[in-house]
Each structure stands twice: as structure tokens, then as C-alpha cells.
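Secondary and tertiary structure notes
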Amino acid sequence: MKKLIAIILFFPLASIAQDNERFIAKGLFSGKGTLAAGQMTAFKATNMYVSGNLEYYIEDNISFRGGLYFFLGTSNAALPFSKNSTCFTGFYYHPKTNNRLDPYIGFEPGISWTQLKAPNNGSIETYPYNISTYPQSINPLASVTAGVNYYATTFTHLFIEAKYVQGIHTSDIPAVSLSEFRIAFGFGFNIWTIKNHKTT
Amino acid sequence: MDKKNLTILFLLFTSFTYGQSTGINTRKGEISFGVRTTESLFRSSGNYFGIGAGWQVRYRMAEKLNTEWFADWITTDIGGVGQRYDSHIGESMIIYPGKKMGQKNTFTPFVLGGFCGDYTKIQANPIIDEELNSNLKKSKDRWSFATQLGFGTHYNFTERFDISFTSQYVLHFGSDIDAQVRTNDIGEKYLQIEKEKGSNLEGHIFITISANFVIADLCKK
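This text gives an overview of the structure that appears in the document. Nothing here was measured: the structure is a model prediction, and the numbers come from that model. (Residues numbered from 1 in each chain as written. Chains lettered and ligands numbered in written order. Predicted model: local features only at pLDDT ≥ 70, side-chain atom pairs only at ≥ 80, totals over all residues. Heavy atoms only, no water.)

Structural notes on the overall build of chain B
Helices and strands together make up the secondary structure of chain B, namely 1 helix and 10 strands. Counting from the amino terminus, helix and strand elements in chain B follow one another as α-β-β-β-β-β-β-β-β-β-β. Each of the 221 residues in chain B was classed as buried or not, and the buried ones make up 50%. Expressed as a percentage of contacts within chain B between residues at least 6 apart in sequence, the contacts between residues at least 24 apart total 66%. Just so you have it, chain B exposes about 11,100 Å², and 59% of that area is on carbon and sulfur atoms. (Helix = DSSP H or I, 4+ residues; strand = E, 2+ residues; numbered from the N terminus. Buried < 20%, exposed > 50% of the residue type's maximum accessible area, 1.4 Å probe, protein only. Contact = heavy atoms within 4.5 Å. Areas by Shrake-Rupley, 256 points an atom, 1.4 Å probe, with all protein chains shown as cover.)

This is how it looks when you write it as C-alpha cells:
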């Protein structure tokens with residue numbers, strides 16, 4: 001089943017990579033909106049997000065991106081979060097291709113807005129969790145991203161990407177790792193901001 | 001070598017490296033914007049790594065002389081019993097000793113040194129004080145100035161975009177906050193924080209990865 005899903009996801013990208021001219025160039029503006037899933041690395045927990053970003057190609061193979069991950073919930077968590085939204089800004093490098101495929105790697109520092117879910121009333125907690133107020137916290141993050149776009153038409157594209165996020169949630173209890181692998185795929189829109197753009 | 005001698009050596013070395021010939025000014029006037037991630041290791045609060053994020057702007061004064069203006073924010077977990085928050089804002093001079101400058105797909109090594117202002121807050125997780133029958137939550141903060149020296153390299157993906165790797169030693173001059181992990185009578189670990197009167201030196205290692213893009217060239221011919 002997993003192989004089938006992978007084939008379905010990647011087949012359209014491979015089958016339509018037939019052009020011999022690069023699509024992306026300086027002046028392309030794109031945006032993405034989708035759902036994303038994250039697997040935390042320090043403990044068993046899966047986070048769910050609504051994510052979106054805006055990206056501008058400041059050179060033929062360099063883009064600047066700003067994005068948000070709005071937290072929806074955690075499942076299977078030993079320390080479940082009630083808040084875990086993040087935002088990132090950074091640069092992306094797009095190796096040259098001769099078609100509408102656009103692989104990329106990115107480096108994005110960011111910040112997180114996090115809060116652990118307080119235990120239910122009546123549950124027994126040990127020190128220091130029993131005296132914690134479970135406050136909200138804002139913390140810095142580091143991240144790297146790799147993915148691929150397929151610019152299907154002049155105005156839309158498909159994408160799939162993976163992101164590794166590193167950080168810690170600090171509050172009044174021992175810090176909780178925020179490190180996780182995230183995956184997102186879906187489609188986005190794109191427009192040209194330069195009329196006579198030159199593809200390379 | 002004690003800390004004072006080390007400081008004098010840093011300052012003299014920085015002054016010496018500023019005095020190098022600047023060569024042909026082909027990249028003079030470039031302004032770049034960058035984002036950065038930092039890892040910091042403070043010895044005085046125990047050997048715990050902090051993770052940070054920040055931004056920076058570079059202004060290239062000459063072909064072999066660049067300046068970097070940065071702001072960082074770092075959080076560190078101190079052994080599960082407290083947290084350390086550091087904010088830096090400062091400036092570094094970057095000297096390029098090599099001959100190749102910013103050519104595509106090449107490394108450009110550099111040495112750098114400078115100064116920064118720093119705000120530090122160390123906060124202990126609450127502990128139960130049985131005599132007062134309450135939870136104690138301690139924190140101390142301070143402002144300090146620092147000087148830094150290090151080395152690194154740019155990797156130039158294009159002539160306008162680079163990823164930079166930097167390692168620096170930062171020496172802070174300011175009031176001393178002593179934070180030590182202790183164990184109480186019933187075996188619980190806690191963070192003891194004391195703010196000493198007078199000034200002290202505190203050093204830390206500072207590793208930075210940044211991505212930078214040239215957004216303007218003031219000396220464009």
C-alpha cells in the first residue's frame with residue numbers, strides 16, 4: 001500500500017518532466033497551503049499542522065520563503081502539546097534542471113509558540129510536574145528542508161517536501177525537545193512578477 | 001594563560017588583522033541580508049548546548065574586508081532544572097586572507113572578530129520550600145558586553161548567495177551569575193543561582209550557520 005501511494009505521488013512528477021527548458025526563474029512568486037504531519041524524534045508523538053508559505057525567487061536558483069505551521073493537535077504523545085505552532089523564514093537553493101521540475105533545499109531559522117497540555121484533574125503527577133503552571137513559551141528553532149516542485153501550469157504547481165526541525169520547549173519543568181521530521185505535499189499557486197522573465 | 005592575558009591577546013590580534021591591505025575593491029559596497037542559526041556552549045552553567053535563531057546584515061567595506069551586524073536569541077536547557085536565555089546584538093569585522101573571492105561553487109575562508117551587547121536571564125524551575133510551604137521560583141538577569149574572535153568559511157552557491165559556517169569564542173564582561181546544579185536532602189536536583197557583586201569574565205563557544213543574499217551594491221559601476 002505504501003509503495004502504491006509513493007508511485008501515485010511520484011509518477012506524475014516523473015512522467016511530465018519532458019520539457020527541455022527550465023520553468024523557474026527570477027521573479028516567480030509562489031505560495032503553498034496544505035496539511036502537514038510531524039514525527040517527533042525524542043519521543044513517540046505525531047503532530048498535525050495546517051501549513052502555508054509564500055516564496056519569491058530572488059535569483060534564478062535562489063528563493064526567499066516565509067512560512068507558518070499552525071498546530072492542530074498531537075496523537076500518541078507522552079507529553080502532549082496544546083500549542084505547538086511555528087513560523088520560519090529563510091533561503092532556498094534550487095539546482096538547475098531543464099524542465100518543470102524544481103528540486104530544492106532550504107535553511108530556515110524560526111520560532112515556536114508552544115505549551116504542554118496540563119494533566120487532567122485527579123491524575124497523580126510527580127515533582128516538578130505537580131507544581132508546574134504549564135506556561136506558554138516562545139523559543140528559537142533551526143530547520144533544514146528538502147523537496148521538489150512540479151510547475152504543472154503557468155499558475156499552479158505540485159510539491160512534496162520534508163523538513164527537519166530542531167529546538168526545545170522551555171517552561172518551568174525540564175525542557176521538552178521540539179525536534180521532529182515533518183512531511184507535507186499538495187499544490188500551490190504561482191505567478192510571474194516580471195513580465196519578460198528569462199528562463200535559463 | 002589566565003583570562004586577562006587571553007583577552008588582551010584577542011584584542012591585539014583583532015587590531016592586527018584589521019590592518020591588512022584591502023586589495024582591489026570589486027565587491028566593495030555589497031549589502032547582504034541573512035538568517036542564522038546558532039549553537040552555544042556555556043561552560044559556567046554546565047556544558048549544555050543552546051539553540052538559537054537570528055538575523056544579520058553584512059556591509060562589505062572592501063574586497064577583503066566585510067562587516068556583519070547581527071542579532072541572536074538563544075535558549076539553553078540547564079540539566080532539566082532551569083533555563084538560560086541569551087540575546088546578542090553586535091558587529092563583527094570579517095577578513096578574507098585568501099585570493100579567491102566569492103566565486104560560484106567555491107569556499108571563501110575568513111577570520112572575524114568584533115563585539116556585542118548581551119542580555120542573559122537564568123531561570124530555575126520551581127522548587128518546593130517546605131519551611132515556607134510554597135514553591136520558590138528564582139531567576140537572575142544581567143546585561144554585559146562581549147568581544148568575540150573566530151574563523152569560518154562561506155560556501156558560495158552563486159556570486160550573490162552563500163551559506164556560511166562560523167566558530168567563535170565569545171568573552172563576556174559583566175556581573176557574574178553563578179548557576180550550579182545541586183541536589184537537596186531528599187535527592188531532588190535543583191538550580192542554585194547566585195548573582196555576584198562586581199564584574200567577571202565568562203566565555204562561551206558560539207557556532208553559527210547562516211544563509212546570506214546580496215540585496216544591494218552601493219558601489220555598482
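Side note on the nonpolar core
Among the nonpolar cores identified, the biggest contains 20 residues, and F43, F81 and L116 of chain A are the most heavily contacted of them. Ranked by residues supplied to this core, first place goes to strand β4 (residues 81–93) of chain A with 3 residues. Counting 12 residues, the second largest nonpolar core, distinct from the first, contains I62 of chain A together with V35, Y155 and F213 of chain B. (Core = buried A, V, L, I, M, F, W, Y, C linked by side-chain atoms within 4.5 Å.)

Section: the interface of chain A and chain B
If you look at the interface, chain A gives 30 residues, while chain B gives 36 residues. When chain A packs against chain B, close to 2,700 Å² is buried across both sides, 69% of that on carbon and sulfur atoms. On inspection of chain A and its partner chain B, the count reaches 1 salt bridge. A salt bridge links R160 of chain B to E59 of chain A; the shortest N-O distance between them is 4.0 Å. (Buried area = accessible area lost by both parts, 1.4 Å probe. Salt bridge = Lys/Arg side-chain N within 4 Å of Asp/Glu carboxyl O.)

Some remarks on the packing of aromatic side chains
Across all of its chains, the model carries 19 aromatic pairs over all chains by this definition. On the basis of an interplanar angle of 45° and a centroid distance of 5.8 Å, the ring pair of F157 of chain B and F161 of chain B is categorised as tilted. The ring of F88 of chain A is capped by K163 of chain A, whose NZ or CZ atom sits 4.3 Å from the centre of that ring. A cation sits over an aromatic face here: R182 of chain A above Y69 of chain A, 4.6 Å from the ring centre. (Phe/Tyr/Trp six-rings, centres within 6.5 Å; stacked < 30°, edge-to-face > 60°. Lys NZ or Arg CZ within 6 Å of the ring centre and 35° of its normal.)

Here's the deal with the environment of Q136 of chain A
Residue and element names in this part refer to chain A. With respect to the secondary-structure elements, Q136 resides in the loop between β6 (110–116) and β7 (137–150). Overall, Q136 belongs to the partly exposed group, its relative accessible area being 44%. Considering only alpha carbons, one finds Q136 and Y104, 32 residues apart in sequence, at a separation of 34 Å. Leaving out residues up to four positions away in the same chain, Q136 has contacts with K83, W113, T114 and Q115. Within the structure, the side chain of Q136 is placed 2.7 Å from the side chain of W113, a separation counted as a polar contact. (Polar contact = N/O pair within 3.5 Å; in protein donor to acceptor, adjacent residues only side chain to side chain.)

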